[in-house]
Amino acid sequence: MATVNGKEYSWVSMELRVGGSAAIVGFTAIKYPWKVDHSKVMGASRKALGMIRGRLMTDSGSLTLLESEYLNLSSAPGWCDQTTEVIVSYAEPGLPTKVDTLKGVKFTGADGGGEEGSEALKREVSFEFTDILVNGVSPIDDTSVTAQVS
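**Focus on the overall build of the protein**
Point 1. When helices and strands are counted, the protein shows one helix and 11 strands.
Point 2. Listed N to C, the secondary structure of the protein is β-β-β-β-β-β-β-α-β-β-β-β in terms of helices and strands.
Point 3. Taken over the C-alpha trace, the protein has a radius of gyration of 20 Å; the compact-globule value for 150 residues is 15 Å, which it surpasses by more than 25%.
Point 4. For the protein, buried positions account for 25% of its 150 residues.
Point 5. Considering only intrachain contacts with a sequence separation of at least 6, the fraction spanning at least 24 residues in the protein is 61%.
Point 6. Element-wise, carbon and sulfur atoms account for 53% of the exposed surface of the protein, whose accessible area totals about 10000 Å².
Point 7. Across the protein, 14 positive and 19 negative side-chain charges occur, with their mean positions spaced 11 Å apart.

**Focus: the pairing of strand S9 (residues 95-110)**
Point 1. Here strand S8 (residues 84-92) pairs with S9 via seven bridges, running antiparallel. Bridging from a neighbouring strand, glutamate 92 pairs with leucine 95 of S9.
Point 2. Hairpin remark: S8 followed by S9, antiparallel, with two residues in the connecting loop; positive phi at glycine 94, about 90°.
Point 3. By the bridge criterion, four bridges tie S9 to strand S11 (residues 131-134) in an arrangement that is antiparallel. Paired with threonine 101 across the bridge in S11 is leucine 133.
Point 4. One ladder, built from four bridges, connects S9 with strand S10 (residues 122-128); its direction is antiparallel. Paired with phenylalanine 107 across the bridge in S10 is phenylalanine 127.

**Re the packing of aromatic side chains**
Point 1. According to the stated counting rule, one finds six aromatic pairs in the structure shown.
Point 2. Look at tyrosine 70 and tryptophan 79: their rings are 6.1 Å apart centre to centre, the planes differ by 80°, and that puts the pair in the edge-to-face class. Each of the two residues, tyrosine 70 as well as tryptophan 79, counts as buried.
Point 3. Centre to centre, the rings of phenylalanine 107 and phenylalanine 127 are 6.1 Å apart; their planes meet at 75°, and the pair counts as edge-to-face. Of this pair, phenylalanine 107 sits in strand S9 while phenylalanine 127 sits in strand S10, placing them 20 residues apart in sequence. Of the two residues, phenylalanine 107 and phenylalanine 127, neither departs from the other in class, the shared state being buried.

**Side note on the side chain of glutamate 69**
Point 1. Within the element layout of this structure, glutamate 69 appears in helix H1 (residues 67-73).
Point 2. Comment: no salt bridge for buried glutamate 69; closest opposite-charge side chain is arginine 17, at 11 Å.

Conventions used here
- Residues numbered from 1 in each chain as written.
- Predicted model: local features only at pLDDT ≥ 70, side-chain atom pairs only at ≥ 80, totals over all residues.
- Heavy atoms only, no water.
- Helix = DSSP H or I, 4+ residues; strand = E, 2+ residues; numbered from the N terminus.
- Rg over C-alpha atoms; globule rule 2.2 N^0.38 Å.
- Buried < 20%, exposed > 50% of the residue type's maximum accessible area, 1.4 Å probe, protein only.
- Contact = heavy atoms within 4.5 Å.
- Areas by Shrake-Rupley, 256 points an atom, 1.4 Å probe, with all protein chains shown as cover.
- Lys, Arg positive; Asp, Glu negative; His and termini not counted.
- Charge placed at Lys NZ, Arg CZ, Asp CG, Glu CD.
- Pairing = 2+ DSSP bridges.
- Phe/Tyr/Trp six-rings, centres within 6.5 Å; stacked < 30°, edge-to-face > 60°.
- Salt bridge = Lys/Arg side-chain N within 4 Å of Asp/Glu carboxyl O.

Read these as layout, nothing more, since geometry by itself doesn't imply function.
Okay, here's the thing in structure tokens:
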């Protein structure tokens, strides 16, 4: 996609919501890596015969929050037992809004502590997720029909 009048999405373009919460302002980083694992099909040849359709593989994600936002997130009993959604949207005047929806999110823990300096305290919260929609669309076509054996 080309930029509009030299504009591009940036950190201030991002908005984050966890579950049905209001927008979280006090976050400083989020990572949610994923890929489609297309394995090669090998036969009696020195070259691959092709590739399978693959499967969506999500890696562990992380969310870095200011201490006050972390306290809000972690205040509910069993907050690591609940499954939720994380919605990350990118909006910039003159550019279309982009939305990534992470599904099946479970928080798995956080780092603790702090260090001397003039920076605000932050916590990195780790999470796992099972699916992603990029602008409302799945990266894989999982609508295939499985043949039924009679």
